[in-house]
Amino acid sequence: MATPLVKAIVKILEGRNKNQELTVHFNPTEYAVEYGASFQETPVPGLSNPILQFVNGTAEVLTMDLLFDTYTDGGGRDVSDDTRQFTDMLTIDADTHAPPRVEFKWGVFAFRAVVEKISQRFTMFLGDGTPVRANLSVTFKQYRTIAEQLESPRRNSADKTKQRVLGKVEGFRPTAVTLWQLSAQEYGEARFWRQIAKYNRVEDPRTLKPGDVVLVPPLEEFSTRESLSGRRNA
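All values reported here derive from a predicted model rather than from experimental measurement.

### What about the overall build of the chain?
Here's step 1: Across its full length, the chain carries five helices and 13 strands.
Here's step 2: Residues counted as buried form 30% of the 234 residues belonging to the chain.
Here's step 3: Considering only intrachain contacts with a sequence separation of at least 6, the fraction spanning at least 24 residues in the chain is 59%.
Here's step 4: Surface exposure of the chain reaches about 15,100 Å², of which carbon and sulfur atoms provide 51%.

Okay, structure coming up:
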């Protein structure tokens, strides 16, 4: 059974044109979604390569080419009247004082974003120079509010106990080989290495070697233990 044709649209989510839907002339032949992450390089004396520490994720980027044609079915009218609705999504909205958030939707695929960039190229003209065919190269950058991001916390962060194998390559970075390196890698500061040693009952950190398993507790574990210790010594 043939699947019914669904036209791709761009819906404006805020501002003076809120809920306005812009329909493309032709569905894109393809689109690309780019994913990324940001890492900080920490040089460590004695190592040939720096330690890579995850900083944050980056916004997803959606790119595509959209074809607009007013020569075949549009009676030869100026195609820029149609493409201007899309390029206007880059202008500052009087209500929000910023370009509006939008949603690109095509069937089951939806992408909430801001329009980061549009490159417009006219490819066909009437005898008087009126453009009747254009191609828009559109770049959407994912936009998520702080509230939306807080609803999806990081799965592996400093507020959870983790298990690390010293020297093992995990993801895009090797696990540290000393406790102070591990502390810097997990918490952003090397000063918590003693607490990691105590948590793992390691009397001499120099006895640790690549392949040993170390538990990395949440930072709140340190503050709780220090608080209880202070009460007992008071």
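After that view of the structure, there is still more to cover.
### With respect to the packing of aromatic side chains
Here's step 1: The tally for this structure, following the rule as stated, stands at seven aromatic pairs.
Here's step 2: A ring pair is formed by Tyr31 and Trp106, whose centres lie 6.3 Å apart and whose planes are at 65°; its orientation type is edge-to-face. Taken together, the residues span a long stretch of sequence, with Tyr31 in strand β3 (residues 31-34) and Trp106 in strand β7 (residues 101-106) at a distance of 75 residues.
Here's step 3: Ring pairs connect the aromatic residues Tyr31, Phe104, Trp106, Phe109, Phe111 and Phe140, which therefore count as one cluster.
Here's step 4: Sitting above the plane of the Phe26 ring, Lys7 keeps its charged end 6.0 Å from the centroid.

### Re the environment of Arg144
Here's step 1: Relative to the helices and strands, Arg144 resides in the loop between β9 (131-142) and α2 (146-150).
Here's step 2: In the structure, Arg144 is positioned 31 residues away from Ala113 in sequence and 7.7 Å away in space, judged by C-alpha atoms.

### Quick word on helix α3 (residues 179-187)
Here's step 1: Across the nine residues that make up α3, a large majority, eight, are buried.
Here's step 2: Listed as buried for α3 are Leu179, Gln181, Leu182, Ser183, Ala184, Gln185, Glu186 and Tyr187.
Here's step 3: One or two residues past the end of α3 sits Gly188, with phi positive at roughly 85°.

### Things to note about the nonpolar core
Here's step 1: One finds Phe86, Met89 and Phe140 to be the most contacted residues of the largest nonpolar core, which totals 22 residues.
Here's step 2: Not counting residues within four places of it along the chain, the set of residues in contact with Phe86 comprises Val10, Leu22, Thr23, Val24, Leu66, Phe68, Ile118 and Leu136.
Here's step 3: Listed in part, the 11 residues of the second largest apolar core include Ala176, Ile196, Ala197 and Val216.

### Concerning the pairing of strand β6 (residues 61-69)
Here's step 1: Both β3 and β6 contribute to a ladder of four bridges, which runs antiparallel. In the sheet register, Val33 faces β6, and the bridge partner there is Leu62.

### Section: unusual backbone geometry
Here's step 1: Backbone geometry at Asn19 places phi at a positive 75°, although glycine is not the residue there.
Here's step 2: Mapped onto the elements, Asn19 comes out in the loop between β1 (9-12) and β2 (21-23).
Here's step 3: Taking the relative accessible area as the measure of exposure, Asn19 reaches 49% and is therefore partly exposed.
Here's step 4: Phi is positive for Arg201, close to 55°, though the residue is something other than glycine.
Here's step 5: Position of Arg201 relative to the elements: it lies in the loop between α4 (193-199) and β13 (213-216).

### A word on the sheet that holds β9
Here's step 1: What the seven strands build is an open sheet, ordered β2-β1-β7-β8-β9-β6-β3; its pairing is antiparallel. Edge positions in the sheet fall to β2 and β3, since each of these pairs with one other strand and no more. The average angle at which neighbouring strand axes cross in this sheet is 30°, direction not considered.

### Here we look at helix α1 (residues 80-87)
One turn of the α-helix equals 3.6 residues, which is why residues spaced by three or four share an orientation.
Here's step 1: Among all positions in α1, only Ser80, Asp82, Thr83 and Phe86 are buried. Looking straight down α1, one finds that the buried residues subtend no more than 155° of arc, so they occupy a single side.
Here's step 2: The secondary structure elements touched by the buried residues of α1 are β1, β2, β6, β8 (109-125) and β9.

### Notes on the confidence of the model for the chain
Here's step 1: Residue-level pLDDT values for the chain average 84, and 84% of them are 70 or greater.
Here's step 2: For the stretch residues 224-234, pLDDT sits under 50, and the model shows three contacts to residues farther than four places along the chain or on other chains.

### Considering the pattern of salt bridges
Here's step 1: In the structure shown here, the tally under the stated rule is 12 salt bridges.
Here's step 2: Two residues, Arg77 and Asp82, come together in a salt bridge whose shortest N-O distance is 2.9 Å.
Here's step 3: The buried category is assigned to Asp82, whose relative accessible area is 12%.
Here's step 4: A salt bridge links Glu189 to Arg191, with the shortest nitrogen-to-oxygen separation between them at 2.5 Å.
Here's step 5: Judged by its relative accessible area of 36%, Glu189 is partly exposed.
Here's step 6: Under the relative-accessibility criterion, Arg191 is labelled exposed at 54%.

Conventions used here
- Sequence order sets the numbering: in each chain, residues are counted from 1 along the sequence as written.
- Only residues with pLDDT of at least 70 are given local features in this predicted model, and only at 80 or more are side-chain atom pairs given and counted; all residues enter the totals for whole chains, interfaces and linings.
- Computation of side-chain values: all heavy atoms of the structure, hydrogens and water removed.
- Helix numbers and strand numbers start at the N terminus; a helix is a DSSP run of H or I with at least 4 residues, a strand a run of E with at least 2.
- Relative accessibility under 20% of the residue-type maximum defines a buried residue, over 50% an exposed one, and the middle range a partly exposed one, all with a 1.4 Å probe and only protein chains included.
- Whether two residues are in contact is decided by their heavy atoms, any of which lying within 4.5 Å being enough.
- In these tables, accessible area is a Shrake-Rupley quantity obtained with a 1.4 Å probe, and a residue counts as shielded only by the protein chains included in the view.
- Pairing of aromatic rings covers Phe, Tyr and the six-membered ring of Trp, with a centre-to-centre limit of 6.5 Å; geometry is then stacked below 30 degrees between planes, edge-to-face above 60, and tilted otherwise.
- Criterion for a charge above a ring: Arg CZ or Lys NZ at most 6 Å from the ring centre, at most 35 degrees from the ring normal.
- Side-chain atoms within 4.5 Å are what join buried Ala, Val, Leu, Ile, Met, Phe, Trp, Tyr and Cys residues into a set we call a nonpolar core.
- The pairing criterion for strands is at least two bridges between them, as found by DSSP.
- Orientation is described by lines fitted to C-alpha atoms, with helices fitted over the stretch in contact, and by angles between N-to-C directions that extend from 0 to 180 degrees.
- The arc refers to the directions leading from the helix axis to the C-beta atoms.
- Values of pLDDT, ranging from 0 to 100, describe the predictor's confidence in every residue of the model.
- Note on definitions: salt bridges are taken to be side-chain nitrogens of Lys or Arg within 4 Å of carboxyl oxygens of Asp or Glu.

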